[in-house]
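Each chain, written out:
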Amino acid sequence: MHAPSEYNGVDALDWLLDSDPVVCWQALRDLADASGAIVAAERARVSRVGLGAAILARQEPDGAWRRSDGPAWLSTLFTMLLLRATGVDRAEPAVESAVSRLEASLWWNNDPSWELRPAELGGNPFFEGEVEPCINGGVLALGAYFGRASQDLARRLLGEQLEDGGWNCDAPPSTRSSFHTTICVLEGLLEYERALGSAPEIAAARRRGEEYLLERALFRRRSTGDVADPAFLELAFPPRYHYDVLRALDYFRAADVRPDPRMSEAVHVIESRRQPDGRWLLDRAYDEALAVPVGEPVGEPSRWNTLRALRVLRWYEDANRT
């Protein structure tokens, strides 16, 4: 175990463990070296208690998650991505029922603009996605995680990879990749590989996408070395489609990539944001599309950011010891 961070004499890990099951079970797995049985028992609570249960309860009869101030596709997609972030077990009956309800009821339809409409109106099945790679990266991740991996959607994303290695929703006409779109697609391809096993063309595409980020030290412009966007250094949860260095590093950790020297500046950013009490604050929350509140105010200590920062630092430090 790593040396604990403490606040008021309390271990920061204990703070994570004394929380909603969505955070607790991941802290047990990633930070506490808990047994498989203990991790599984806590994970089983995700669909029944706290945030995971609230998401499932908020689904409407046609499978959507809606808000009164936005389109159904927006709140449905990003609420489902939050459900994926909870790590809920897809085999739980309530989860399978929710996914099946959405899959059977709502399709992407672009008449007159892209929206989720009743399946009988035609269009694309939900897990086949629409047209923007930033959206489709998330859809691919959802399909793979919840047992509906789409080979056609994965192939479409491979065909949209740009020469510089990344992706961009504005291509064409743009020929330059976007940090935002690239991380969305990389997460989708990684989840797809986890579901179906590694495939040479998927692995090669991910390596090229990862190199796009690494060539830019995860947050700099390749042309000038300047910070590409100050928001990349602000730690957000949930991220929606937005990129930041913690999201990128957590992707590399999840992908079991060996740390690269070009990540060191980004890792230093994470280390520098640790508060004296050993926790990380929530800098931003792109939660305006969610059908349920996450429950963490901006500017206050964040369990989600603390969990992700601690496991990224552990991964990075452990790899550099060997």
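Shown above is the structure to which this text applies.
Here is what the cut-offs are and how they apply
Residues numbered from 1 in each chain as written. Predicted model: local features only at pLDDT ≥ 70, side-chain atom pairs only at ≥ 80, totals over all residues. Heavy atoms only, no water. Helix = DSSP H or I, 4+ residues; strand = E, 2+ residues; numbered from the N terminus. Rg over C-alpha atoms; globule rule 2.2 N^0.38 Å. Buried < 20%, exposed > 50% of the residue type's maximum accessible area, 1.4 Å probe, protein only. Contact = heavy atoms within 4.5 Å. Axes fitted to C-alpha atoms, helices over the stretch in contact; angles between N-to-C directions. Parallel < 35°, antiparallel > 145°, perpendicular 65-115°, else oblique. Left-handed = near helix turned anticlockwise from the far one by under 90°. Nonpolar A, V, L, I, M, F, W, Y, C, P; charged D, E, K, R; others polar. Pairing = 2+ DSSP bridges. Salt bridge = Lys/Arg side-chain N within 4 Å of Asp/Glu carboxyl O. 1 Å grid on protein atoms, 1.4 Å probe; cavity = no way out; pocket = protein on both sides within 12 Å on 5 of 7 lines; lining within 4 Å. Points joined across faces, edges and corners; volume = space filled by probe spheres on them. Disulfide = S-S within 2.5 Å. Phe/Tyr/Trp six-rings, centres within 6.5 Å; stacked < 30°, edge-to-face > 60°. Lys NZ or Arg CZ within 6 Å of the ring centre and 35° of its normal.

Broken down by element type, the protein chain carries 13 helices and five strands. Over its C-alpha atoms the protein chain spans a radius of gyration of 19 Å, differing by no more than 12% from the 20 Å that the globule rule assigns to 322 residues. On the principal axes, the C-alpha backbone points of the protein chain span a range of 60 × 50 × 35 Å. Taking all 322 residues of the protein chain together, 55% fall into the buried category. Taking as baseline every contact in the protein chain between residues at least 6 positions apart, the subset at least 24 positions apart corresponds to 64%.

Before going further, it helps to spend a moment on the packing of helix H11 (residues 245-254) against helix H13 (residues 303-321). At their nearest, the axes of H11 and H13 sit 9 Å apart, and the two run at 50° to each other. Here H11 lies oblique to H13, going by the angle between them. In the packing of H11 onto H13, the handedness of the crossing is left-handed. Between H11, through Leu246, Arg247, Leu249, Asp250, Phe252 and Arg253, and H13, the contact on the second element is made entirely by Asn305, Arg308, Ala309, Arg311, Val312 and Trp315. Among the residues forming the contact of H11 with H13, the class breakdown is six nonpolar, one polar and five charged.

Here we have three strands laid out as an open sheet, ordered E4-E3-E5, and antiparallel in their pairing. Looking at strand neighbours, the two that pair on one side only are strand E4 (115-118) and strand E5 (124-125), the edges of this open sheet. Across four bridges, the pairing between strand E3 (residues 106-109) and E4 is antiparallel. Bridge pairing links Asn109 to Glu115 in E4. On the sheet, helix H6 (residues 93-105) packs against E3 and E4 and is oriented at approximately 45° with respect to E3.

Interaxial distance between helix H5 (residues 72-85) and helix H7 (residues 133-145) falls to 10 Å at its minimum, and their mutual angle equals 50°. In terms of their interaxial angle, H5 and H7 are classed as oblique. In this structure, the crossing between H5 and H7 has a hand that is left-handed. For the pair formed by H5 and H7, the contact residues are Trp73, Leu77, Met80, Leu81 and Arg84 on the first element and Ile135, Gly138, Val139, Ala141, Leu142 and Tyr145 on the second. By residue class, the composition of the contact of H5 with H7 is nine nonpolar, one polar and one charged.

Our focus in this paragraph is the pattern of salt bridges. In this structure the tally under the stated criterion is 29 salt bridges. Linking Asp69 and Arg67 is a salt bridge whose minimum nitrogen-to-oxygen distance equals 2.8 Å. When its relative accessible area of 54% is taken as the criterion, Asp69 is described as exposed. Using a relative accessible area of 28% as the deciding quantity, one classes Arg67 as partly exposed. For Arg311, the salt bridge goes to Asp250, with nearest N and O atoms at 2.9 Å. Residue Arg311 is found in helix H13, and its partner Asp250 is found in helix H11; the two are separated by 61 residues along the sequence.

Once that is clear, we can look at the layout of surface pockets. Each pocket or cavity is described by its volume, and for the largest pocket that value is around 920 Å³. Going through the elements one at a time, helix H2 (21-30), H5, H7, helix H9 (179-196), H11 and H13 are the ones with two or more residues in the lining of the largest pocket. Looking at the lining of the largest pocket element by element, the count peaks at seven residues for H7. Looking at the lining of the largest pocket residue by residue, the class counts come to 23 nonpolar, four polar and 13 charged. Of the pockets and cavities examined, the second largest pocket occupies roughly 340 Å³. Lining the second largest pocket are 15 residues, and of these Ser177, Phe179, Tyr212, Arg216 and Arg221 sit closest to its centre. A breakdown of the residues in the lining of the second largest pocket according to their chemical character gives four nonpolar, four polar and seven charged.

This part covers the state of the cysteines. In this structure the tally under the stated criterion is one disulfide. With no disulfide of its own, Cys184 has Cys134 as its nearest cysteine by sulfur position, at a separation of 6.1 Å. Residue Cys184 is classed as buried on the basis of its relative accessible area, which comes to 4%.

As paired strands, E3 and E5 are joined by two bridges and run antiparallel to one another. The residue bridging Trp108 from the neighbouring strand is Asn124, located in E5.

What characterises a pair of aromatic rings is the spacing of the ring centres plus the angle enclosed by the ring planes. Taken as a whole and judged by the stated rule, the model has eleven aromatic pairs. Ring pairs connect the aromatic residues Trp73, Trp108, Phe126 and Phe127, which therefore count as one cluster. If you follow Arg240 out to its NZ or CZ, it ends over the ring of Phe78, 5.2 Å from the centre. One residue, Arg279, lies across the ring of Trp15, its end atom 4.7 Å from the ring centre.

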